[in-house]
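An overview of the molecular structure
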Amino acid sequence: MNWRAWVLALLLLPLRAAGQPQPLADFAHSAWTVNDGAPADIWTMARAPAGYLWLGTGLGLFRFDGVRFDRYPLRDGQRLKSTNINALHVLPSGDIWLGLFAGGTVRLRDGVATAFGEAEGMPPGRVLRIAADQDGHLWAAAGGGLARFDGSRWRRVGPEMGYPELGAQYVLVDCRGVLWVVSQNRLFWLARGGQRFQDTGEVLSGGAVLAEDRAGRIWVSDGLSGTRPLPDYAGGAAPASGRGQPQIAHGWTAHFARAKQMLFAEDGSLWLTEAGVGVRRLRDPAAIPVGRGIQPSDELETFTRRQGLPADIVVPLVQGTEGEIWVGSNHGLSNFRSQRLRVVPEFGTGEPAGFGVALQGDGVLVASGRRALRLLPPGASQPVELGRSVKAIVRDRQGQLWLSDDDGVAREVDGQFERVHLTQPPRDYHVQALAPDHCGGAWIAVPGLGMFHAGPDGARRDRRFEPGGAMPTAIIVAPDGDTWFGYDDEVLRLRGDTVARFGAADGLLVGRTTNLFVSADGSVYVAGEAGFARFDGRRFAVVTAERDDAFAHVSGVAEAGNGDLWLNGGRGVVQLRAADLPAMFGPARRLNYRLLNWRDGLPGIAQQATAVSTAVRDHQDRIWFATNRAVAWVDAARAARNENPGRVEIQALRAGDRNHHPTPGLELPAGTRSVAIRYSALTLAGAERARFRYRLDGVDADWQEADMRREATYANLGHGDYRFRVLAASGDGVWGTEEATLAFHIEPTFWQTRGFMAGAVLLVAALVAGAYVLRTRAIAAGVRRQLEARHRERERIARDLHDTLLQSTQALIINVQGAASRLPADAPVRGQIEAVLDRADAVVLEARERVRDLRSGDVDGAELLQVLQQLGRELAHESGRPELVFRAVGSGTPRPLERSVFDQLHLIACEALRNAFHHAQARQIEVEVCWGQAELMLHVRDDGVGIPPAWVRDGGRPGHWGLQGMRERALEVGGRVNLVSESPGGTEVEIRVPGRFAYRALRPAAPS
């Protein structure tokens, strides 16, 4: 042994004294077989910088994210030269190099495959290994020789660099940058920056492999000398020639522990795969001297197919970012991970009596049935005789032990157990809940018997805690003396002699209570079958099982020294950091936790329906958990937690039956209505526990909690721009802040384009305009028919008046005049008769004018203004107010009006003028007639007291119908009345009639 070896041995002494790595039995093994979707024939593996595990198989290249296996996503039109992969190397840039069984290499870059064969400088034969040196050069070991990549093509290495061999089987770059090459039967090395290889003189068999341990020693494994560390040839050790062949111990063959691959883990242990055997592990390889092969006496640990390995044909080994070991085989993938929880081995699994845990000194007392042990790790367990079959145990603040068994409850007094009798005469009972108080007594809930408090003076029943005959399923006495009783969605609190009730109305929705806990800061926690809640002094905040079932069926809660809460539940052990509790139960309701399950060494799930808590903290800050299979514990102060935040990557977007690579500016075809976006956490360890949040801008108003789902689906999307964002939490519950984003655009269909939409708007507008024209024509035709019917009726009335009333009246006048002419001229009666006859002639004349008006179809527009002007003067004269000013004005050119329009406007104006003169108390009243081109307008204004707003709103004064009548008259001729009044401030009545209805000349001709 040279001086370097002695120095190495001295350096390793303190490391070995500090303790060897934990045994293989303390590792949890997980397997993904072909039946689980794993690819077969995994011959090589590499860990990607992004966090994936790349698997080179006989069926192609696969990516594994800890949950799913996906084939490498090649671009459209791309394919591999061959899918049988022997070598795999991933560069920090993300480029992936493949060595093919059929010969040649392939570079994969962003989905594009570039092949390099003999024409590009590669030696012939299958490629077994690819490595990168510290200067960035790639080296490839192929059956036909050794080659180096110069950035554009491969260059074969030969005698010009001191490498005379025709083939190469393995390449390795050590921590010093030295390149090691295994040829057909020799071992060579090249110093960093060197120009010539050096021969070590080592004679090797075919298929030799290399590895470097944590101290920098190079190990080799072959069929001649087994697995062994080599002298430091690159550091100056003499070549092996002349030293003779390695010594072989008696009874040991060189084939023992011959490795297909070797890996030195971060804890210093050596892992190797052996064909036909499985996985082997040497916990202390530093104890193997240089030149000596591993022997059976070196206590090599073995894990085979019988213990759960998918197959005994295993080759590649890779260590993950959290120390886990990955092993590939021809039937799937395996993972070995150090268990965070330790199981009490003395009880085995599945004790029928269940388990009870209570404090015992600095350790705990664990009992199951009639067997009990005192445990204080790392010391050996000590048996304890309890003298009864235990179902539950708990220790009170005075140090007394309470236990329940098939007969009821017993308490420890001076080292002996005394039965606690609840009734007289004594009877056996089954305990549902048990909680010692601070005064040497205990609360005991017994179904069918009642709720009791057992004290030094005996037991008494307390019916206050039997609401509706229900018994509490959990009880706890808080450090401040408050006692809490749990039921179904309800708890009772005893404070002094006062009992308070809290239920669903106070936010407590956890179902049947399974555990109660009060933390050091006084916070009260209620665990139930349907959730986990915290009391803030007024209300409960709940994390429901519907939101996350990790918080369901929690039967034990313990608080670590740093304030973290540890929950023993239906999915495993949940660790809640003290810093995360406010956000978890605050308005944000953000969940951040770590889940430990069978992968971390937890046997089964939390034991259910227990009388006491199934989680206990001892004085060494260890948390003990009783499960349905065993008892396990974790050192809360030393529980390794990956504080690296979760990272996430978007893998693909699927629209219809096509997958799209998540490239920037992704364009989706027109008509796309739904998309599915796949994403994954960039972590291997605990990948199955990684959790996600996502949102699609423009669709989601807030972040969506995806829990462990790795796909987001959206439907009913329209065209336009979208941006998908996703966040991840690691398997240990540490949320990342760096989002993975994908922006994409959905092209519009033809009917979604702006041109089409503009055309559609114009078409709709045209249709609306056409419908409006048709409607107005229909209305006009209806009004015209009404006017014509009225005109015909007027003519009929005029004929009847002329032919009957006027003719009869005229004949009557003539007869009376004849009779009067026979009277003396100076007779008084004759004078009176002649005066009456003169009046009768005037009446007949007026009637003839009316008949003429009835037969006339139109009237001069100016006549309307004249009639209203005359009416206004008469009303002004009748008012007897000389200060009142009336005026009538017109604008526009008067046009002939329809007789019915004239009549209705005249009547409306008369009503408005009479209201103004009689009620407005106005100083000025004005009538204005506007003969517009499109409509006829009539205004009646005054500056009087106005009309109350309620009358305007309700259509008139209660019990009066003047305003309503004006509106009805306007509607009859196709017009409308607008009334504007301010009290005080005056009133304006505005009547508008469309010109096509009002003017005789604009009226459409009747159809022929």
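Refer to the structure above for everything that follows.
Residue positions are counted from 1 within each chain, in the order its sequence is given. Only residues with pLDDT of at least 70 are given local features in this predicted model, and only at 80 or more are side-chain atom pairs given and counted; all residues enter the totals for whole chains, interfaces and linings. For the side-chain quantities, the full set of heavy atoms in the structure was used; hydrogens and water were omitted.

Secondary structure assignment for the protein yields nine helices and 71 strands. C-alpha atoms define the radius of gyration in this analysis, and the globule rule sets the expected value at 2.2 Å times the number of residues to the power 0.38. Its C-alpha radius of gyration of 51 Å places the protein more than 25% over the 30 Å reference for a compact globule of 1008 residues. Projected onto its principal axes, the C-alpha coordinates of the protein cover approximately 180 × 100 × 45 Å. Per-residue accessibility, obtained with a 1.4 Å probe over protein chains only, is compared with the maximum for each type, and a residue is labelled buried under 20%, exposed over 50%, and partly exposed between these values. Residue burial in the protein is summarised as follows: out of 1008 residues, 51% are buried. Areas reported here follow the Shrake-Rupley algorithm with a probe of radius 1.4 Å; residue values treat only the protein chains shown as occluding. A total accessible area of about 46,800 Å² is found for the protein, and carbon and sulfur atoms account for 51% of it. Positive and negative side-chain charges in the protein, numbering 116 and 116 respectively, have mean positions lying 4 Å apart. Numbered from the N terminus, helices here are DSSP runs of H or I no shorter than four residues, and strands are runs of E no shorter than two. Under the convention used here, Asp and Glu are negative, Lys and Arg are positive, and both His and the chain ends fall outside the count. To locate a charge, take atom NZ for lysine, CZ for arginine, CG for aspartate or CD for glutamate.

Before going further, it helps to spend a moment on the pattern of salt bridges. What counts as a salt bridge is simple: a side-chain nitrogen of Lys or Arg found within 4 Å of a carboxyl oxygen of Asp or Glu. Considering all chains together, one arrives at 56 salt bridges under this definition. A salt bridge links Arg109 to Asp95, with the nearest nitrogen and oxygen atoms 2.7 Å apart. Within this pair, whereas Arg109 is found in strand 8 (residues 105-109), its partner Asp95 is found in the loop between strand 6 (85-90) and strand 7 (96-100), the two being separated by 14 residues in sequence. For the salt bridge of Arg340 with Asp600, the shortest nitrogen-to-oxygen distance reads 3.9 Å. Of the two residues, Arg340 sits in the loop between strand 27 (332-338) and strand 28 (342-343) while Asp600 sits in the loop between strand 52 (594-596) and strand 53 (615-617), which places them 260 residues apart along the sequence.

This next bit is on the sheet that holds strand 11 (residues 138-142). Spatially, four strands are ordered 10-11-12-13 in an open sheet, and the strand pairing comes out antiparallel. The open sheet has two edge strands with one neighbour each: strand 10 (127-132) and strand 13 (154-157). Neighbour-to-neighbour, the strand axes of this sheet turn through a mean angle of 25 degrees, independent of strand direction. The criterion for strand pairing is that DSSP finds at least two bridges linking the strands in question. Pairing between strand 11 and strand 12 (residues 145-149): five bridges, direction antiparallel. Bridge pairing links Ala141 to Leu146 in strand 12. All axes here are fitted lines through C-alpha atoms, helices being fitted over the stretch that makes contact, and every angle between N-to-C directions spans 0 to 180 degrees.

Before going further, it helps to spend a moment on the packing of helix 5 (residues 861-879) against helix 6 (residues 899-919). Running from N to C, helix 5 and helix 6 cross one another at 25 degrees; their axes reach a closest spacing of 10 Å. Judged on the interaxial angle alone, helix 6 and helix 5 are roughly parallel. For the element pair helix 5 and helix 6, the recorded crossing hand is right-handed. Residues Glu863, Leu864, Val867, Leu868, Leu871, Gly872, Leu875 and Ala876 of helix 5 pack against Phe902, Leu905, His906, Ala909, Cys910, Leu913, Arg914, Phe917 and His918 of helix 6. Here the term charged refers only to Asp, Glu, Lys and Arg, the term nonpolar to Ala, Val, Leu, Ile, Met, Phe, Trp, Tyr, Cys and Pro, and the term polar to all other amino acids, Gly among them. Here the contact of helix 5 with helix 6 is composed, by residue class, of 12 nonpolar, three polar and two charged. For this classification, under 35 degrees means roughly parallel, over 145 means roughly antiparallel, 65 to 115 means roughly perpendicular, and everything else is oblique. Handedness of a helix crossing follows the sense of rotation of the near helix relative to the far helix, less than a right angle counterclockwise being left-handed and clockwise being right-handed. Contacts: residue pairs with any heavy atoms within 4.5 Å of one another.

Among all positions in helix 8 (residues 962-972), only Leu963, Met966 and Ala970 are buried. Looking straight down helix 8, one finds that the buried residues subtend no more than 60 degrees of arc, so they occupy a single side. Packed against the buried residues of helix 8 are helix 6, strand 70 (976-982) and strand 71 (986-994). At the exit of helix 8 stands Gly974, carrying a positive phi of roughly 80 degrees. Note that the arc is defined by the directions from the helix axis to the C-beta atoms.

Two rings belonging to Phe, Tyr or Trp (six-membered ring only in the last case) form a pair when the distance between their centres is within 6.5 Å. Interplanar angles under 30 degrees mark stacking, angles over 60 mark edge-to-face geometry, and anything in between is tilted. Inspection of the entire model under this criterion finds 43 aromatic pairs. On the numbers, 5.9 Å between centres and 85 degrees between planes, the contact of Phe347 with Phe355 is edge-to-face. Neither Phe347 nor Phe355 differs from the other in exposure class; each is buried. Ring geometry for Tyr694 versus Phe724: centroids 5.7 Å apart, planes at 35 degrees, classification tilted. Residue Tyr694 is located in strand 60 (residues 691-697), and its partner Phe724 is located in strand 63 (residues 720-729); the two are separated by 30 residues in the primary sequence. Accessibility assignment for this pair places Tyr694 and Phe724 in one class, buried. Taken together, the aromatic side chains of Tyr525, Phe532, Phe551, Phe585 and Tyr593 make up a single cluster linked through ring pairs. Definition used: whenever NZ (Lys) or CZ (Arg) falls within 6 Å of the ring centre and also within 35 degrees of the ring normal, the charge is taken to sit over that ring. The ring of Tyr52 is capped by Arg63, whose NZ or CZ atom sits 4.8 Å from the centre of that ring.

By the bridge criterion, five bridges tie strand 35 (residues 409-413) to strand 36 (residues 416-420) in an arrangement that is antiparallel. Paired with Arg411 across the bridge in strand 36 is Glu418. In this structure, the hairpin formed by strand 35 and strand 36 is closed by a connection of two residues, where Asp414 is found at a positive phi of approximately 55 degrees.

Looking now at the pairing of strand 12. Of all five residues making up strand 12, four are buried, and the element is well covered by its neighbours. Counted along the chain from strand 11 to the antiparallel partner strand 12, the turn is two residues long.

Our focus in this paragraph is the packing of helix 6 against helix 8. It is at 9 Å that the axes of helix 6 and helix 8 come closest, and there the two elements cross at 160 degrees. It follows from the interaxial angle that helix 6 and helix 8 lie roughly antiparallel. Regarding helix 6 and helix 8, the two cross each other, and that crossing is left-handed. Within the contact between the two elements, helix 6 uses Gln904, Leu907, Ile908, Glu911 and Ala912 and helix 8 uses Gly962, Met966, Arg969, Ala970 and Glu972. In terms of residue class, the contact of helix 6 with helix 8 is made up of five nonpolar, two polar and three charged.

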